[in-house]
Amino acid sequence: PDILIIGDSSIAGTSLSQDETLASVMTQKYGLSVYSIAPANINTFIELKNSGILESPRVVVMSRIERRIPYMPAYNEHAHLSFSDLRLNPFLQSLAVQIDKVRRGNLLFYLRSRANQTRGDGIQSTVDNRMFFMEGPEAVVDTTEITMNRIVERLVNYDSYCQSIGSRFVFLPVPNKETIFWDLAGIETQPLLIRKLISRLEARGIPSIDTVELFDQVRDRGLMPYHYDDSHWSGIAVGAAAEELAKIVNIALENPQEE
């Protein structure tokens, strides 16, 4: 693909329709060749590349939910997909999908919850009883110098690896729901991890998107960047992120790196 998006459940599309996923929006709205792998990390991509399944995309977009940003792994340029012949066998893949569907039992859980009128896990806002959070005040991520320096250096290393294979690198953080609705989550001030990180990445010349500012603007317009009863971003937030990402990506596609 022109663009590869690596991420977690937000990129996989949890709580979204297929057409609302970031890869689908980028493809449909901007006519770009986009593929996503999620839940995954940089080494998942390297495994697929070193195993000959993926070639170097023109742009690599690394997305990560805010709470997991400090735990991004160091990249391993020698990572290789183990048992690739078995894992890529069409029959075994189909069998694995069916087993996964039965194991998850999504339809059963859905019907049971509707019949019993039960609510899911989460922390209910004391300000707006429609709003639920995953962690509440515990969602605030440490922003000490040690943590910030470790995150920045990890992303700088990702950027260096992508340059080494002829790809551009873009970082797309997804804020915790608590960061955007901090006033409803029992947090005194808006958490600063992403904004501090964006500032440092800009100083290092790494393209990134300030999704906190972006989603704050969405909320200010009276729109919902997240679901009331789920911690994942909404189709509205995806559309806003896609618009900003398209600006960066088109620049990268129009001005490919020199060999």
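The structure we're discussing is the one just above.
### Some words on the sheet that holds strand β3 (residues 59-65)
Here is step 1 of the chain: Ordered by their spatial adjacency, 4 strands build an open sheet running β2-β1-β3-β6, and the pairing between neighbours is parallel. Strand pairing shows two members of the sheet lacking a second neighbour, β2 (34-37) and β6 (168-174), which therefore form its edges. In this sheet, neighbouring strand axes are inclined to one another by 20° on average, regardless of whether the strands run parallel or antiparallel.
Here is step 2 of the chain: Pairing between strand β1 (residues 3-6) and β3: 4 bridges, direction parallel. Considered in β3, the bridge of L4 is made with V60.
Here is step 3 of the chain: Most of the contacts of helix α7 (residues 145-164) go to β6, to which it runs at about 145°, and overall it touches β3 and β6.

### Considering the environment of T143
Here is step 1 of the chain: By the secondary structure assignment, T143 is in the loop between β5 (132-133) and α7.
Here is step 2 of the chain: On a C-alpha basis, the gap between T143 and L192 in space is 7.5 Å, while along the polypeptide they are 49 residues apart.
Here is step 3 of the chain: Other than its neighbours up to four places away in sequence, T143 contacts M148, L192, L193 and K196.

### What about a nonpolar patch on the surface?
Here is step 1 of the chain: Taken together, F83, L86, F91, L92, L95 and I99 make up a surface patch of nonpolar side chains, about 650 Å² in accessible area.
Here is step 2 of the chain: In terms of residue count, the dominant contributor to the nonpolar patch is helix α5 (residues 90-104) (4 residues).
Here is step 3 of the chain: Within the secondary structure layout, L92 lies in helix α5.

### Remarks on the packing of aromatic side chains
Here is step 1 of the chain: Inspection of the entire model under this criterion finds 5 aromatic pairs.
Here is step 2 of the chain: Ring geometry for Y75 and Y161: centres 5.2 Å apart, planes at 40°, overall tilted. Placement of Y75 in the loop between β3 and α4 (84-87) and of Y161 in helix α7 is noted, with a sequence separation of 86 residues between them.
Here is step 3 of the chain: Geometrically, the ring pair formed by F215 and Y226 is edge-to-face, given 6.0 Å between the ring centres and 80° between the ring planes. Of this pair, F215 sits in helix α10 (residues 211-220) while Y226 sits in the loop between α10 and α11 (235-254); the two residues are 11 residues apart in sequence, bridging distant segments of the chain.
Here is step 4 of the chain: Three or more aromatic residues joined by ring pairs form one cluster here, namely F181, F215, Y226 and W233.
Here is step 5 of the chain: Taking NZ or CZ as reference, K177 lies 5.5 Å from the ring centre of F133, over its face.

### Topic: the pairing of β6
Here is step 1 of the chain: Within β6, 6 of the 7 residues are buried, which leaves the element mostly enclosed by the surrounding structure.
Here is step 2 of the chain: For β3 and β6, the ladder comprises 7 bridges, and the chain directions are parallel. Note on β6: the bridge partner recorded for V59 is R168.

### Comments concerning the packing of helix α2 (residues 22-30) against α11
Here is step 1 of the chain: Viewed as axis vectors pointing N to C, α2 and α11 meet at an angle of 60°, and their least axial separation amounts to 10 Å. In terms of orientation, α2 and α11 fall into the oblique class. Regarding α2 and α11, the two cross each other, and that crossing is right-handed. On α11, the residues touching L22, V25, M26 and Y30 of α2 are V238, A242, E243, L245 and A246.
Here is step 2 of the chain: Of the residues that constitute the contact of α2 with α11, the class distribution is 8 nonpolar, no polar and 1 charged.

How each quantity is defined
- Numbering of residues begins from 1 in every chain and follows the order in which that chain's sequence is written.
- Whole-chain, interface and lining totals are the exception, using all residues; otherwise, since this is a predicted model, local features are given only for residues with pLDDT of at least 70 and side-chain atom pairs are given and counted only at 80 or more.
- The basis for every side-chain value is the complete set of non-hydrogen atoms in the structure, without hydrogens or water.
- Strands are labelled as partners when DSSP assigns at least two bridges between them.
- Segments assigned H or I by DSSP are reported as helices when at least four residues long, segments assigned E as strands when at least two residues long, and all are numbered from the N terminus.
- Fitted lines through C-alpha atoms serve as axes, helices being fitted only where they are in contact, and the angles separating the N-to-C directions of these axes extend from 0 to 180 degrees.
- We call two residues contacting when some pair of their heavy atoms lies within 4.5 Å.
- In this scheme, patches are assembled from residues that exceed 30% relative accessible area and form no salt bridge. Like charges are connected within 9 Å, while nonpolar side chains (Val, Leu, Ile, Met, Phe, Trp, Tyr) are connected within 5 Å.
- Note on areas: these come from Shrake-Rupley sampling with a 1.4 Å probe, and a residue is covered only by the protein chains present in the view.
- In what follows, salt bridge is the name for a side-chain nitrogen of Lys or Arg lying within 4 Å of a carboxyl oxygen of Asp or Glu.
- Under the pairing criterion, centres of Phe, Tyr and Trp rings, with the six-membered ring standing for Trp, must be within 6.5 Å; the plane angle then separates stacked pairs below 30 degrees from edge-to-face pairs above 60, leaving the rest tilted.
- Only Lys NZ and Arg CZ are tested; either one counts as a charge over a ring when it is within 6 Å of the ring centre and within 35 degrees of the ring normal.
- Each residue gets one of three labels from its accessible area relative to the maximum for its type: buried under 20%, exposed over 50%, partly exposed in between, using a 1.4 Å probe on protein chains only.
- With respect to orientation, any angle under 35 degrees is reported as roughly parallel, any angle over 145 as roughly antiparallel, any angle of 65 to 115 as roughly perpendicular, and every other angle as oblique.
- Handedness of a crossing follows from how the near helix is turned relative to the far one, being left-handed for an anticlockwise turn of less than a right angle and right-handed for a clockwise one.
- Residues were grouped as follows: Ala, Val, Leu, Ile, Met, Phe, Trp, Tyr, Cys and Pro as nonpolar; Asp, Glu, Lys and Arg as charged; and all remaining residues, including Gly, as polar.

Note that every value here comes from positions in space, so none of it alone points to a role or purpose.
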